[in-house]
Amino acid sequence: MSSAEAGSDQSSATLQRRSVVSSFLFKYSDIHARAAEVALFRRSDKVRTYQHHLAPISGSIDRQADSTPLDAAWRELEEETSLTPSTVKLWRKGRPFTFQDYAVGREWTIYPFAFLLKSYPCSHTKVDKDNTSTDKTDGVVLDWEHDFHNWYDPEEVLHRLFEDGPEATVSGQKLVPRIADSLIRVYPEYELGSMPGKRLRDGLQQLQDDHASGARELATIALGILKDILVGIRPSEAYEGEANWEEWWRKVRLAAWHIWANGRESMGAAIASALITALTELDGFQRDGQYNAEYVEQLMSALIDERRAMTAELSQFFAAYVKHELLKDRREAHDGTTLRILTLSASSTIRESLLHLLATTTDIHTVDLRVLESRPLFEGVSLASSMLSSYQNRQSGDSNECEDNCPKLNITLYTDASAALASADIDLLLLGADRLTADGAVSNKTGSLPAVLAAKHVSPQAKVVVLSEVDKVAEGDGHSEESNQPAEVMRGWREAAAGGTLKGLDVVDATAGRGSATVAVEVKNIYFEQVPPSLVDSYITNDGIKEVSDIQRRSKWVGEQIRRFFDDL
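From a predicted model like this one, the values you see are computed outputs, not experimental measurements.

(A) View of the overall build of the chain. Helices and strands together make up the secondary structure of the chain, namely 17 helices and 20 strands. Looking at the chain as a whole, 50% of its 569 residues are labelled buried. Looking at the chain alone, contacts between residues at least 24 apart form 76% of all its contacts between residues at least 6 apart. Accessible area for the chain stands at about 26500 Å²; split by element, carbon and sulfur atoms hold 48% of it.

(B) Molecular detail of the sheet that holds strand 18 (residues 528-531). Spatial strand order, 15-16-18: three strands in an open sheet with antiparallel pairing. The sheet terminates laterally at strand 15 (435-436) and strand 18, the two strands that pair on one side only. Strand contacts of helix 14 (residues 448-458): strand 16 (442-445) and strand 18, with the helix running at about 35 degrees to strand 18, the strand carrying the most contacts.

(C) Here's a closer look at a nonpolar patch on the surface. Taken together, the side chains of Phe378, Val381 and Leu413 define a hydrophobic patch exposed on the protein surface, amounting to about 230 Å² of accessible area. As for its placement among the helices and strands, Phe378 is situated in the loop between strand 12 (366-372) and helix 12 (379-396). The class of Phe378 is partly exposed, set by a relative accessible area of 32%.

(D) Structural detail: the environment of Asn244. Relative to the assigned elements, Asn244 resides in the loop between helix 7 (215-232) and helix 8 (245-262). Overall, the relative accessible area of 26% leaves Asn244 in the partly exposed class. Taking the C-alpha atoms as reference, Asn244 lies 9.2 Å from Arg234; in sequence the two are 10 residues apart. For Asn244, the side chain forms a polar contact with the main-chain nitrogen of Glu247, separated by 3.2 Å.

(E) A look at the layout of surface pockets. Estimates place the volume of the second largest pocket at around 560 Å³. Looking at the second largest pocket, it is lined by 30 residues, and the ones nearest its centre are Arg43, Thr49, Ser58, Gly59 and Trp108. Per element, the largest residue contribution to the lining of the second largest pocket is four residues, and it comes from strand 1 (residues 16-30). For the lining of the second largest pocket, the per-class residue count stands at 14 nonpolar, six polar and 10 charged.

(F) Quick look at helix 15 (residues 486-498). Between its first and last C-alpha atoms helix 15 spans 18 Å; for 13 residues at 1.5 Å apiece the expected length is 18 Å, and the two agree. Every buried residue of helix 15 is listed here: Glu488, Val489 and Met490. One or two residues past the end of helix 15 sits Gly500, with phi positive at roughly 85 degrees.

(G) Representation of the side chain of Glu80. Within the fold, Glu80 resides in helix 2 (residues 69-81). Buried charge without a salt bridge: Glu80, with Arg43 as the nearest opposite-charge side chain at an N-O distance of 6.3 Å. Among all residues touching Glu80, those that are not within four sequence positions of it are Ile57, Ser58, Val141, Leu142, Asp143, Glu145 and His146.

(H) Examining unusual backbone geometry more closely. Backbone torsion omega between Arg375 and Pro376 reads 5 degrees, so that peptide bond is classified as cis. Mapped onto the secondary structure, Pro376 falls in the loop between strand 12 and helix 12. Even without being a glycine, Tyr50 presents a positive backbone phi close to 55 degrees. Relative to the helices and strands, Tyr50 resides in the loop between strand 2 (35-43) and strand 3 (54-55). In this structure Tyr50 comes out as buried when scored by relative accessible area, which is 17%. Within the chain, Ser171 stands out as a residue other than glycine whose phi angle is a positive 55 degrees.

(I) Quick peek at the pattern of salt bridges. Evaluation of the coordinates by the stated rule reveals 31 salt bridges. Two residues, Arg75 and Asp66, come together in a salt bridge whose shortest N-O distance is 2.7 Å. The exposure class of Arg75 is partly exposed, given its relative accessible area of 23%. Residue class for Asp66 comes out buried when judged on its relative accessible area of 6%. Where Arg199 meets Asp228, a salt bridge forms, and the shortest distance between an N and an O atom there is 2.8 Å.

(J) Examining empty space enclosed by the protein more closely. With the rule as written, the count across this model stands at two cavities of 30 Å³ or more. Considering only enclosed or pocket space, the largest cavity measures out at about 290 Å³ in volume. Forming the boundary of the largest cavity are 24 residues, of which Ser213, Gly214, Met267, Ser345 and Asp434 lie nearest the centre. Going through the elements one at a time, helix 7, helix 11 (348-360) and strand 16 are the ones with two or more residues in the lining of the largest cavity. Top contributing element to the lining of the largest cavity by residue count: helix 7, with three residues.

(K) Representation of the packing of aromatic side chains. Scanning the entire structure with this criterion turns up 11 aromatic pairs. Among the aromatic side chains, those forming a connected cluster through ring pairs are Phe26, Tyr28, Trp91 and Tyr187.

(L) Highlighting the packing of helix 11 against helix 12. Interaxial distance between helix 11 and helix 12 falls to 11 Å at its minimum, and their mutual angle equals 35 degrees. Remark: the crossing between helix 11 and helix 12 carries right-handed chirality. Contacts from Arg351, Glu352, Leu354, Leu355, His356 and Leu358 of helix 11 reach helix 12 at Leu383, Ser386, Met387, Ser390, Tyr391 and Arg394. Of the residues contributing to the contact of helix 11 with helix 12, the split by class is six nonpolar, three polar and three charged.

(M) Quick peek at the sheet that holds strand 17 (residues 463-467). Spatial ordering of the open sheet is given by 13-12-11-14-17-19-20, a layout of seven strands whose pairing is mixed. Pairing within the sheet leaves two strands with one partner each, and these edge strands are strand 13 (408-414) and strand 20 (544-546). Within the sheet, the average angular offset between the axes of one strand and its neighbour, ignoring direction, is 25 degrees. Here strand 11 (residues 338-344) runs beside strand 12; their pairing, made up of seven bridges, is parallel.

(N) Representation of the nonpolar core. In this structure, Leu223, Leu226, Trp248, Val252, Ile259, Leu282 and Phe566 are the most contacted members of the largest nonpolar core, which totals 46 residues. When residues of this core are traced back to their parent elements, those giving at least two are helix 6 (194-209), helix 7, helix 8, helix 9 (268-288), helix 10 (293-326) and helix 17 (548-566). Among the elements that line this core, the one with the most residues is helix 8, at 10 residues. In this structure, Ile259 is in contact with Leu200, Leu204, Leu207, Ala222, Ile225, Leu226, Ile229, Ile271 and Leu275, ignoring residues within four places of it in sequence. By size, the runner-up hydrophobic cluster in this structure holds 32 residues, among which are Tyr28, Tyr50, Ile179 and Val186.

(O) Spotlight on helix 14. When we look at burial in helix 14, the residues that qualify are Ser448, Ala451, Val452, Ala454 and Ala455. Taken down its axis, helix 14 places every buried residue within 165 degrees of arc, on the same side.

Quick notes on the rules
Residues numbered from 1 in each chain as written. Predicted model: local features only at pLDDT ≥ 70, side-chain atom pairs only at ≥ 80, totals over all residues. Heavy atoms only, no water. Helix = DSSP H or I, 4+ residues; strand = E, 2+ residues; numbered from the N terminus. Buried < 20%, exposed > 50% of the residue type's maximum accessible area, 1.4 Å probe, protein only. Contact = heavy atoms within 4.5 Å. Areas by Shrake-Rupley, 256 points an atom, 1.4 Å probe, with all protein chains shown as cover. Pairing = 2+ DSSP bridges. Axes fitted to C-alpha atoms, helices over the stretch in contact; angles between N-to-C directions. Patch = residues over 30% accessible without salt bridge, like charges linked within 9 Å, V, L, I, M, F, W, Y side chains within 5 Å. Salt bridge = Lys/Arg side-chain N within 4 Å of Asp/Glu carboxyl O. Polar contact = N/O pair within 3.5 Å; in protein donor to acceptor, adjacent residues only side chain to side chain. 1 Å grid on protein atoms, 1.4 Å probe; cavity = no way out; pocket = protein on both sides within 12 Å on 5 of 7 lines; lining within 4 Å. Points joined across faces, edges and corners; volume = space filled by probe spheres on them. Nonpolar A, V, L, I, M, F, W, Y, C, P; charged D, E, K, R; others polar. Expected span 1.5 Å × (residues − 1). Lys, Arg positive; Asp, Glu negative; His and termini not counted. Phe/Tyr/Trp six-rings, centres within 6.5 Å; stacked < 30°, edge-to-face > 60°. Left-handed = near helix turned anticlockwise from the far one by under 90°. Core = buried A, V, L, I, M, F, W, Y, C linked by side-chain atoms within 4.5 Å. Arc of directions from axis to C-beta.

Here it is as structure tokens:
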């Protein structure tokens, strides 16, 4: 080992290693155009490092207090700005990175996050002659670590940082080291370019705001977003006219990573699988050195069409399962067989599978479908309505496969609290899936676990069956609850209070999220919960009936592909 190498190793060994969060606060300056601004905060003279430098909200991860880097980001955000989940939301997360700063004796591991103000003030923050912000419409209240903040165009900030390097200034202020690496990880629009960057920003917001579509539909939307982005990302002409394929391939994978990681985390399994399939096909362009824009568009359209065909394949396997597993020993009275099914929420996979069963079976006289209403958005009511209208239209149309032998469809809607009553004498409890973890646990709409437990107790002979495309299998065992706006829950309460049937709501309303030290009220609106694999009898997919071991193999494969395409970004 040379003396230079030995000196470098010795210097690295003496660095103090710190893991920190780097949280950027954004707001929309124009909600219609979704033009974003980013807040930068000037560090005060009371902090130990980088005094008087512009920075995001940052702080060390406390391994005792913070279970995840995101927990640390929320804690630091509230401590340094007074902002909470009632006023801001997690907008994006970036890939972590590590660097050494020998000037301060630190090796930093940075976890970048972006938060978005829930309200959208359109005016710029005013700054006086002392660089002190005077407009407090953004709700930020600074602690001792910063002495002022202002809002900036992230494109301009990044341009200056990459143009001028470490000596770059914004409004005459220096910036903390490697801030560009943190910012660009949560604001990829700069790297992608104007048109594809805007399409990514709009697409991410579309995925985040869509609470009506299921995982399969959101994955199809995600492919459509990537397809649109590809129109604006083409291999640039580099040396001697050769296309710069590495740059193109990085941008494609970067866009795909953000669609997966920052679109809708709870639906991320299906989105990841759809994007992995697309990247596998697109990888061929980089290796072959040939690019055909028309063919790329046709390829993405074909992948979208293939996804729509998945449900038809799954529906056939479900119909076969009902015939061979549920009806094989049924010999009922002369009026025929009644199949009693309980379900909840508004899974399009369940809807299409049931409609296919109704259209193709001749072994069932009546389908007794019981649907839990699925508060707070009442997706169960939507499912019942869609089933009724679709079945009536199919019976009257040319696609009526069972002709005059179609089963009778009876639908009964139950409140979520009536899961035990709705489970009486059922043959089948059908669950959709937004995510299947490596151990076979099912993430689905909140209310799924109580329904399963009720069915197991009231009708132990009933089968609990999960209907899910294989692309909803995720890497590992992670689960996202997705906590949403309490207003969705309280909307029904307010209607009842206005009608005079609910009293005292004003007390809860006034206290929720604003309680004193001794009295607190919090309204939870958690969308998803897990059903353990021990409570599931069968997994029916578009690739047939699967065992937990099949799910484990698929999960491992998904993880391998994620690392293959995204690890070097």
